[in-house]
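# Chains, contacts and geometry: an overview
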Amino acid sequence: MNITINTKDGVPIYRQIANQIRYMVASKLLKPGEEISPVRTLALALNVTPNTVVKAYDELAAAGVIFKRRGAGTYISDEQSPLADRERQRIIEARIDTLLAEAHQLDFNAEDLLDLVRERQLQLDAKKQTEKTAAENLDE
Amino acid sequence: MKSPSQALAWSTIYLSWPVLLTQIVGAVSIIFLISLSLDPEIDSTESIHIVDFVLIASLVFLYSVVLSKKQRAGNATAGLGFPYTTEFSLPVSTLTLLVVPLLCFCALTQVAIFVPGLIVNLLVLDAEVSVFPISFLVFQYTIIPLMLTWWTQNGLASIAGWLIALILYMNGLLIPEFTRMENSWVLVTESSSSYIVSLFFTAVLILIAYFGVKQQRSGELLLNFGNGRAMLGDTQHLRSWMPLPTPACPTSSAIRAEIWKERQLHGEYNALFGGLAGVAATFTILSIIQFFVPGANIPKFSNVVVLAMGMYVAVCTSLIVTLFGVRYKNGVANVSVHDKTTPLNTAQLTLIRTSVTLGSTLIAGLVMAVSIWFFGPYFINDFAEMRALILEFLQTLSELGIASVTLRVVLILFAFLTGLLLYATFLTWFMLQSKKMSIGLLLISAYIFLVATGLSALFGNLKDSYVLQASVFQSHLWIVIFFIPTSIIIMSRSLLKNGVISAKGTMLLAVMALLVQVLNLTWLFGANNYDVLQLDISAAHLSYLSMQGFLPLLAAIFALWTSDRIRHG
Amino acid sequence: MSELVVEVNNLSRSFGKTKALDCVDFQASRGKVYGLVGANGAGKTTLIKHMLGLMRAKSGTVRIFGEDPVQNPQGVLKHIGYLSEDRDIPDWMSIDELMRYTGAYHSSWDQGYADELLETFTLDPNKKISSLSRGMRAQVALISAISHRPDLLILDEPSSGLDAVVRKDILNAVVRTISEEGRTVIFSSHLLDEVERLSDHVTMIHNGRVTLDSSLELINNSYHYSSIRFENTQTTAPELTDAVIVSGDGRFWSVIHHGSVEPFHDSIENLRGEIVESRNATLEEVFVSRASRRNGSHPIATEVGK
């Protein structure tokens, strides 16, 4: 698992771990039924106290994202779909909140924002299209 | 190692055995060397005293090196107090921490006196020995100073302790009163109860030390003399113990500032304190010296002087041991980077340090001489006689004429300072390169030992082979004679190459060397002297006496070379 | 058996005129990690020395595993592994000799574990301690403190003066010790990053007094950082409810505040300001704010860039 910790923005470490695992589940990097690192291993890898990892795992277990098989490791829960969807939504919503706050600071209202979003999406699609045709031309 | 006791014993012995070996071999070799060069006519009473002196001196050497706290001490510890402070945070009882090293040191000193003593007795003297009294004496003389050093970190409390011990000693309570049989090592005491009294007081001392160490372990002071700061940080230097007036550091030049610093560390106050300590030690041991000469025919003068000289050597050693800035940190000798990067050139630094330190030794000597002159009557019975002898001696000197006396005084001064400087340099190398130096010393001592035993095997008794001894001695003398100029040349080249001395400096040194040599030759071949020297003196001997005029130059160059090596590797 | 491994009650200690500790209370329960935070000279080492029996409690009491460490050094110290601030290990020994020497004092010494750690740190057992670099010295000192698997591990500034690589290694070794059952760890540090990574509980000491003593979780949840923009220029530091420290100038101010958010938001509104950004305070921010704070609850304003 590729998890990074930082102590710079005040988010508790256990929450950072939990959030990142959630993200990996939501973006299909971790599949249902897959085993994740045991507490001790992750603690050593991240250089954090095992208690923190335990807390993160407890939170995830309570939310149903992971489950512990007695004496045989920790696994991503199978019933992920509704959870995954909720998680994906939660993550995007967090991003949107940040965007809205910034927009407000820079004096954009929601209407301007939506127009900009559509515009940027069109530009992105166009760019992808040109790249695709260029690649096809090369193949010929 | 399975237990704390074993661990402590291991660590004590690990640090001590090289010094012990050096002491034993050194003492035996020196005794052999002396008996090789002595006239066989010499009274056997003198030779036993020489052996005594060498053995005691070697014990003092061993004691001061091995029991030196600095060998074990960590970064921030006071000069006094219990040395095994690192072990305070390990699960071991305070009693074990105190007793195990104590017993090891006692065993060490027993070995240190009996092994060389018995070797020498077997091969040279063949005198009678009473083992138990000597063993007891050595035991007491090991434990008592050890406990007096270990029980507190507070300077004033420590001095109070030593004073009380001195009073007990003067009343014969700490050491039994022995009388010595002539010409032997047989000691007899009047009553066995004096052993018990001594042991009682020793036990009391150990008990006090135990409580003292316990207090040190839990960060307390046994007696609070208001010097709470003795607990925190470094207080290795005299000026932190005692409230002495100190002048401010001059800021006008680097040289003056450095001189100020040297004077604070090794200057007059140290000399004063060292001198007084030397006097105290002389007087306390004097009682033992009293029975070296059972009869009243031979004046005690020579013995007192010899003892005082011995103590003076110890004082000088403590003053010069840091001449090149070598200190022990966590048990390892090194020179601090601060010292190495002092913004003065090596020659200046060496000159400043040497002058201040050697000056201190002279002051200490003066202090000792004056104190003995004035306080002697209280401690020595026939002091009036001694005084008379000294005055008589001075009288005969004055008859020689001003020029002659001045010449001798100047030469003796040079000889003394040269000897000290060479001694300091030698000690420094011993501390920095103890392994190599010990091996070298051991080899030399082994060589002497082999020569001596070889000769005695051939001739049965060392005294009978005097003529052969003399030629063996002379042939080795030539080695020394050629060694002096050779080493001067080699080291000077190194110094010039590294730019330690300038052309001007070389000139200066050369001029001074020539001056000293002229004085030396004047003395040697002067009208008054040729008949003092035996007319059948060997060529080797004469050459050596001529060459020794260059020893001061050798000492200076060696000191500079050492400084350079220390600073630049 | 009591769950309290360390119990320090009302401990005070002065050296001459300086008060090193002032009515300090401290408790450590089994199995948790305690971070002691404070500036150099704040009193952390003095407190630690009291726990080891290296200083007798003159005012107040100290109990380790229910016993007085001064009365029973042998019994108490065999459960403790101690890493001193100045790594006080004998320079004249080799690493191997130090292991054997220290092992002789602890019956629970595990030489296999020590060897494993030596290998992890790539230390040559035959090297003399005097020839080791600072980092290696700290590693050796740490190994000799944890190889007997102590119930209580006390580390005084374990990573101070060390480069990032060595620091990581040492942290890792400590994490490994923590993950063993029932071990309690107390460590002092002024490196807040590692305090946040390792501690369950944080105690801040400033000028000999405990200025903060709570679980890390509580600190995280109750201290916040907010960045505020005011409508009008503030000539003096704005007075805001529950603010611990306020800094900034003109219309833009940053605040570290403690406690519930509602009153704080109200006080901002009253002064015609709005919150631009708000998040949990980092441990560093909490520490700095508590350390600068004088007695009482008045916030201190530091005005920046006048």
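This one's a predicted model, so the numbers in the text were calculated from it and none came from an experiment. (Residues numbered from 1 in each chain as written. Chains lettered and ligands numbered in written order. Predicted model: local features only at pLDDT ≥ 70, side-chain atom pairs only at ≥ 80, totals over all residues.)

The next subject is the domain arrangement of chain C. All names here are of chain C. Segmenting chain C into domains produces domain 1 (4-207) and domain 2 (222-303). The distance between the C-alpha centroids of domain 1 and domain 2 comes to 37 Å. Between domain 1 and domain 2, the residue contacts involve 7 residues of the former and 5 residues of the latter. Per element, the largest residue contribution to the side of domain 1 that touches domain 2 is 3 residues, and it comes from helix H7 (residues 192-198). (Domains from an automatic or database assignment. Contact = placed C-beta atoms within 7 Å. Helix = DSSP H or I, 4+ residues; strand = E, 2+ residues; numbered from the N terminus.)

So, on to the nonpolar core. Within the largest apolar cluster, 153 residues are counted, with the highest numbers of intra-cluster contacts made by Ile31(B), Met147(B), Leu142(C), Ile154(C) and Val174(C). Leaving out residues up to four positions away in the same chain, Ile154(C) has contacts with Ile48(C), Met51(C), Leu52(C), Ile80(C), Tyr82(C) and Ile186(C). Membership of the second largest hydrophobic core comes to 45 residues, among which are Leu421(B), Ala424(B), Leu560(B) and Ile566(B). (Core = buried A, V, L, I, M, F, W, Y, C linked by C-beta atoms within 7 Å. Buried ≥ 20, exposed ≤ 12 C-beta atoms within 10 Å, placed from the backbone.)

A positive phi is found at Lys28(A), a non-glycine position, where the angle reads about 65°. Among the residues examined, Lys28(A) registers 10 C-beta atoms within 10 Å and is labelled exposed. A positive phi angle, close to 50°, is found at Asn207(C), a residue other than glycine. Inspection of the secondary structure puts Asn207(C) in the loop between strand S8 (201-206) and strand S9 (209-215).

Moving on, we come to the interface of chain C and chain B. Counting residues at the interface gives 25 residues for chain C, matched by 28 residues for chain B. Those elements that place two or more of their residues in the side of chain C that touches chain B are helix H2 (73-77) and helix H3 (95-105) of chain C. Among the elements that take part in the side of chain C that touches chain B, H3(C) stands out by supplying 4 residues, more than any other. Class assignment for the residues of the side of chain C that touches chain B results in 13 nonpolar, 5 polar and 7 charged. (Nonpolar A, V, L, I, M, F, W, Y, C, P; charged D, E, K, R; others polar.)

As a further point, take the pairing of strand S1 (residues 4-15) of chain C. Residues and elements named next belong to chain C. With 8 bridges connecting them, S1 and strand S2 (residues 18-29) associate as antiparallel partners. Within S2, the residue paired with arginine 13 across the bridge is leucine 21. Here S1 hands over to S2 after 2 residues, with glycine 16 in that stretch at a positive phi of 65°. As paired elements, S1 and strand S4 (residues 59-64) share 5 bridges and run antiparallel to each other. Looking at S4, one finds that glutamate 7 is bridged to arginine 63. (Pairing = 2+ DSSP bridges.)

Residues and elements named next belong to chain C. The strand order across the open sheet formed by 6 strands is S5-S6-S7-S3-S8-S9, and the pairing between neighbours is mixed. Edge strands, defined here as strands with exactly one partner in the open sheet, are strand S5 (80-83) and S9. Adjacent strand axes in the sheet meet at a mean angle of 15° when their direction is disregarded. Relative to strand S6 (residues 152-156), S5 runs parallel, the two being bridged by 4 bridges. Across the sheet, isoleucine 80 pairs through a bridge with leucine 152, a residue of S6. Strand contacts of helix H1 (residues 44-51): strand S3 (33-37), S6, strand S7 (184-189) and S8, with the helix running at about 150° to S6, the strand carrying the most contacts. The sheet contacts of helix H10 (residues 283-292) involve S3, S8 and S9, and relative to S8 the element is tilted by about 30°. (Axes fitted to C-alpha atoms, helices over the stretch in contact; angles between N-to-C directions.)

Often, the extent of an interface is quoted as the loss of accessible area on bringing the components together. At the interface, 16 residues of chain A touch 22 residues of chain C. Counting only elements with at least two residues in the side of chain A that touches chain C, the list comes to helix H2 (39-46) and helix H3 (50-62) of chain A. Ranked by the residues each element gives to the side of chain A that touches chain C, the list is headed by H2(A), at 3 residues. Split into classes, the residues belonging to the side of chain A that touches chain C amount to 7 nonpolar, 6 polar and 3 charged.

Before going further, it helps to examine helix H6 (residues 193-217) of chain B. For H6(B), built from 25 residues, the straight-helix expectation of 36 Å at 1.5 Å per residue is met to within 8% by its first-to-last C-alpha distance of 36 Å. Residues Ser198(B), Leu205(B), Ala209(B), Gly212(B), Val213(B), Lys214(B), Gln216(B) and Arg217(B) constitute the buried set of H6(B). Where H6(B) is buried, its residues meet helix H3 (94-125) and helix H4 (131-150) of chain B together with H2 of chain C. Backbone geometry just downstream of H6(B) places Gly219(B) in the positive-phi region, at approximately 70°. (Expected span 1.5 Å × (residues − 1).)

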